[in-house]
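Chains, contacts and geometry: an overview
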Amino acid sequence: MRWHCLQHLPNEGPGHAADWLAAHGHVLTFTSFFELNPVFPDLNEFDGLLILGGAMSVHDEATFPWLVNEKAFVREVLRAGKVTLAICLGAQLVAEALGAEVRPNHEPEIGFWTVRFSAKALEHPLLRGWPEKAAVLHWHLDTFTVPPGAIRVGMSAGCATQGFVWGDGIIGLQFHPEMTVSMVEQLMAFEGHETAEEQEFVQTAEQIRAKLKSVWKGRKLLEALLENLVALHENESNDDTFGDIPRD
């Protein structure tokens, strides 16, 4: 299967997702927005889309003009019926494209916090094999409402919407199952988190390091999800499944 990745920052790569895809013989190509003149592929050049996180907001088009083109590309991909996995900023971009509101969360959520997955979401084929809850990595200031017609994936104490599933093959996750231990360290350095103070839903660098083994829980979720997305692509045509993407 051919995957294309939209990457917003050099330190927020596909991590565990890239490892799984490579191990299972999939192709992964990139559009990197931190490079000059990012180029999008034609829709017939890939089968699935992976959209990663980033420090910017979906509303920062004045500061990051490429967001305008990225949003247009994401809408094209969704309308074309491509299976899509979107993480953090990526999930916010897809949620907005599906008609949801993206806004600041009531508190920052940073560190390893438990997400409880909804019973309805766990019945969806894409979440086959997921547990009822898992402690996973969070690093976000914004959140989103559940898009019209979507299923809420779950919630945490610090964020009411931890993801959504829309249709058969579109899933957005607010948390970070893709990040490796080294990526978490790079993110803390990039964000200057070494001296950050503890808040209600913000862990210190020391607290995060004490919980780094939890990245493997995120990895297991991600691997099950990728396996289910690949199975969907192989077993279904997806011809008209995504016909109700909102128009501009």
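Values in this document were obtained by computation on a predicted structure and should not be read as measured data.

1. Overview of the overall build of the protein
When helices and strands are counted, the protein shows seven helices and 10 strands. Here the protein has a C-alpha radius of gyration of 17 Å; the compact-globule value for 248 residues is 18 Å, and the two agree. Overall, the protein is about 50 × 40 × 35 Å in size when its C-alpha atoms are taken along their principal axes. Among the 248 residues that make up the protein, the fraction classed as buried is 55%. Taking the intrachain contacts of the protein between residues at least 6 apart in sequence as the baseline, contacts between residues at least 24 apart amount to 75%. Here the protein has roughly 11,000 Å² of accessible surface; of this, 50% comes from carbon and sulfur atoms. Side-chain charges in the protein split into 18 positive and 34 negative, and the spacing between the mean points of these groups amounts to 6 Å.

2. Structural notes on the sheet that holds strand E8 (residues 154–155)
Sheet architecture is open: three strands sit in the order E6-E5-E8, paired in antiparallel fashion. The sheet is open, and its two edges are formed by strand E6 (133–144) and E8, each paired on a single side. Pairing between strand E5 (residues 102–117) and E8: two bridges, direction antiparallel. Counterpart to Phe117 in the pairing with E8 is Gly154.

3. Some remarks on the UniProt feature "domain: Glutamine amidotransferase" (unreviewed entry) in the protein
This chain's UniProt record puts "domain: Glutamine amidotransferase" (unreviewed entry) on residues 43–188. From the first C-alpha to the last, residues 43–188 spans 35 Å; its make-up is 24% helix and 34% strand.

4. Some thoughts on the pattern of salt bridges
Across all of its chains, the model carries seven salt bridges by this definition. Across the pair Arg219 and Glu223 runs a salt bridge, and its minimum N-O distance is 2.8 Å. Residue Arg219 and its partner Glu223 are located together in helix H7 (residues 215–235), separated by four residues, close to a single helical turn. For Glu223, a relative accessible area of 24% translates into the label partly exposed. The structure contains a network of salt bridges with shared partners spanning Glu61, Lys71 and Glu96.

5. What to know about helix H3 (residues 89–97)
In terms of residue burial, H3 counts as a mostly covered element, since eight of its nine residues are buried. In the stretch just after H3, Gly99 is the one whose phi turns positive, near 100°.

6. Focus: the packing of aromatic side chains
With the rule as written, the count across this model stands at nine aromatic pairs. Here Phe33 and Phe40 contribute two aromatic rings whose centre-to-centre distance is 5.9 Å and whose plane-to-plane angle is 55°, an arrangement assigned as tilted. Ring geometry for Phe64 against Trp66: centres 5.6 Å apart, planes inclined by 55°, an arrangement best described as tilted. On the accessibility criterion, Phe64 (25% relative accessible area) is partly exposed. Assessed through its relative accessible area of 15%, Trp66 is described here as buried. A cation sits over an aromatic face here: Lys82 above Phe46, 5.2 Å from the ring centre.

7. Focus: the sheet that holds strand E9 (residues 163–166)
The strand order E2-E1-E3-E4-E10-E9-E7 describes an open sheet built from seven strands, whose pairing is mixed. Of all strands in the sheet, those with a lone pairing partner are strand E2 (27–32) and strand E7 (151–152), marking the two edges. Bridge analysis of strand E3 (residues 48–51) against strand E4 (residues 83–87) gives four bridges, and the strand direction is parallel. Across the sheet, residue Ile51 finds its bridge partner in E4, namely Ala86. Relative to the sheet, H7 contacts strand E1 (2–7), E4 and strand E10 (170–173), its axis offset from that of E4 by approximately 160°.

8. Points about unusual backbone geometry
With a phi angle near 50°, Asn37 is a residue other than glycine that sits in the positive phi range. Mapping Asn37 onto the fold places it in the loop between E2 and E3. Residue classification places Asn37 among the exposed positions, given a relative accessible area of 68%. Positive phi, normally seen in glycine, also occurs at Cys88, with a value near 55°.

Here is what the cut-offs are and how they apply
Residues numbered from 1 in each chain as written. Predicted model: local features only at pLDDT ≥ 70, side-chain atom pairs only at ≥ 80, totals over all residues. Heavy atoms only, no water. Helix = DSSP H or I, 4+ residues; strand = E, 2+ residues; numbered from the N terminus. Rg over C-alpha atoms; globule rule 2.2 N^0.38 Å. Buried < 20%, exposed > 50% of the residue type's maximum accessible area, 1.4 Å probe, protein only. Contact = heavy atoms within 4.5 Å. Areas by Shrake-Rupley, 256 points an atom, 1.4 Å probe, with all protein chains shown as cover. Lys, Arg positive; Asp, Glu negative; His and termini not counted. Charge placed at Lys NZ, Arg CZ, Asp CG, Glu CD. Pairing = 2+ DSSP bridges. UniProt positions renumbered as here; feature names shortened; annotations may be inferred. Salt bridge = Lys/Arg side-chain N within 4 Å of Asp/Glu carboxyl O. Phe/Tyr/Trp six-rings, centres within 6.5 Å; stacked < 30°, edge-to-face > 60°. Lys NZ or Arg CZ within 6 Å of the ring centre and 35° of its normal. Axes fitted to C-alpha atoms, helices over the stretch in contact; angles between N-to-C directions.

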